[in-house]
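Here is what each chain is made of, one letter per residue.
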Amino acid sequence: PETGRHNDSELICVAQATDVDQDQLTYTYSWIAAGVEIGAGETLSLDGTSSPETFITCEATASDPAGSSISGSAMALLVNRPPVINSLDVSETQAYNDQEVTCSAQASDPDGNDPDVSVSWLLNNAQSLGSGETLALSDHRPTPGSTLSCVVVAVDEYGGSALLSAEIEILNRPPQVTGVELSEPLHNSELVSCMLTTDDPDLESLEELFLWRNLTQGQIIGDGAQLQLNSALAEVGDEIRCEALVS
């Protein structure tokens, strides 16, 4: 028979023999798997119940009218087919770094087996964040702009496998300045400080930028978190403002 077939294939066994008396020969066929006869005749239609990696043997016998016979055999190996991942669903395609995300998949096997399905999470295709269908990003706080991948692997009992992945983009949220306070008392010969209270929902390190304005004179008089005042920058009665930007 043909080689490299599957457990739902049709196998054909054809024997040829010669007879020195030139008698017409008749042929019989028997199909055997794991020591058990599973069919007869030239053709065997497998129904998908045989296990992959099984050898199917065709035994053929040629007989002449006098009752003399000779037998021979050939084998075909049923080849395993890898499983198929039929669906992969992620709860979000974009998420913040404190959300909970989920990933689920369905897989099947063309040979009728039940494949094992595993789910794992990779950050930027490098760092493993864990396994399982659910991942709490608040436990890891990935950097905004990163790519989170849900990787699904299906494996059958014969080593066949399939892999599929889906990506989730980690979004950024802007930081906030929740308070600005100037040191007091404020005289035009003092070192004055601008103190910020900030919040970043993504827990990133923030860069603080400062700008000092003399609103009375309409001039920018400095930058930085602290400013040493003098009479050239501000006169008594001038209104001074600290402006802050965080990024």
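First, a word on what this report is: a plain description of the structure on this page. Worth saying up front: this structure is predicted, and the values here are computed from it rather than measured.

## Section: the overall build of the protein chain
Scanning the protein chain for helices and strands turns up zero helices and 20 strands. Expected size for 247 residues packed as a compact globule is a radius of gyration near 18 Å; at 39 Å, the protein chain overshoots this value by more than 25%. Each principal axis of the C-alpha atoms in the protein chain carries an extent, and together these give about 135 × 25 × 20 Å. Taking all 247 residues of the protein chain together, 32% fall into the buried category. Look at the contacts in the protein chain between residues 6 or more apart in sequence, and 58% of them connect residues 24 or more apart. Accessible surface, the protein chain: about 14,300 Å² in total, of which carbon and sulfur atoms supply 45%. Taking the average location of the 6 positive side-chain charges in the protein chain and that of its 40 negative ones, the two points are 14 Å from each other.

## A look at the pairing of strand β13 (residues 147-155)
Where strand β10 (residues 116-123) meets β13, eight bridges bridge the pair, whose relative direction is antiparallel. What sits directly across from Ser-120, in β13, is Val-151. Both β13 and strand β14 (residues 161-170) contribute to a ladder of nine bridges, which runs antiparallel. When the bridges of β14 are listed, Thr-147 appears paired with Glu-169.

## Quick word on unusual backbone geometry
Its identity as a non-glycine residue notwithstanding, Gln-22 has a phi of 60°, on the positive side. With respect to the helices, strands and loops of the structure, Gln-22 is situated in the loop between β1 (10-12) and β2 (26-33). Not every positive phi belongs to a glycine, and Asn-125 is a case in point at roughly 55°. Looking at the element boundaries, Asn-125 is found in the loop between β10 and β11 (127-131). The class of Asn-125 is exposed, set by a relative accessible area of 59%.

## Things to note about the nonpolar core
Counting 20 residues, the largest nonpolar core has Val-101, Cys-103, Trp-121, Leu-135, Leu-137, Leu-148 and Val-152 as its most contacted members. Elements with a contribution of two residues or more to this core: β7 (84-90), β9 (100-108), β10, β13 and β14. If sequence neighbours within four positions are ignored, Leu-148 has contacts with Val-101, Trp-121, Leu-122, Leu-123, Leu-129, Leu-135, Leu-137, Ala-166, Glu-167, Ile-168 and Ile-170. Counting residues in hydrophobic clusters, the runner-up holds 12 residues, among them Cys-194, Trp-212, Leu-227 and Cys-242.

## Looking at the sheet that holds strand β20 (residues 240-246)
With respect to topology, three strands assemble into an open sheet ordered β18-β17-β20, the strand pairing being antiparallel. Unpaired on one side and paired on the other, β18 (219-223) and β20 mark the two borders of the sheet. For this sheet the average axis-to-axis angle between neighbouring strands, irrespective of direction, equals 30°. As paired elements, strand β17 (residues 208-214) and β18 share four bridges and run antiparallel to each other. Bridge pairing in β18 links Leu-211 to Asp-223.

## Here we look at the environment of Tyr-158
Structurally, Tyr-158 can be placed in the loop between β13 and β14. The class for Tyr-158 is partly exposed, based on a relative accessible area of 28%. As for Tyr-158 and Met-75, which are separated by 83 residues in sequence, their C-alpha atoms are 20 Å apart. In this view, Tyr-158 contacts Ser-51, Pro-52, Glu-53, Asn-80 and Asn-113; residues no more than four positions away in its chain are not counted.

The rules behind each value
Residues numbered from 1 in each chain as written. Predicted model: local features only at pLDDT ≥ 70, side-chain atom pairs only at ≥ 80, totals over all residues. Heavy atoms only, no water. Helix = DSSP H or I, 4+ residues; strand = E, 2+ residues; numbered from the N terminus. Rg over C-alpha atoms; globule rule 2.2 N^0.38 Å. Buried < 20%, exposed > 50% of the residue type's maximum accessible area, 1.4 Å probe, protein only. Contact = heavy atoms within 4.5 Å. Areas by Shrake-Rupley, 256 points an atom, 1.4 Å probe, with all protein chains shown as cover. Lys, Arg positive; Asp, Glu negative; His and termini not counted. Charge placed at Lys NZ, Arg CZ, Asp CG, Glu CD. Pairing = 2+ DSSP bridges. Core = buried A, V, L, I, M, F, W, Y, C linked by side-chain atoms within 4.5 Å. Axes fitted to C-alpha atoms, helices over the stretch in contact; angles between N-to-C directions.

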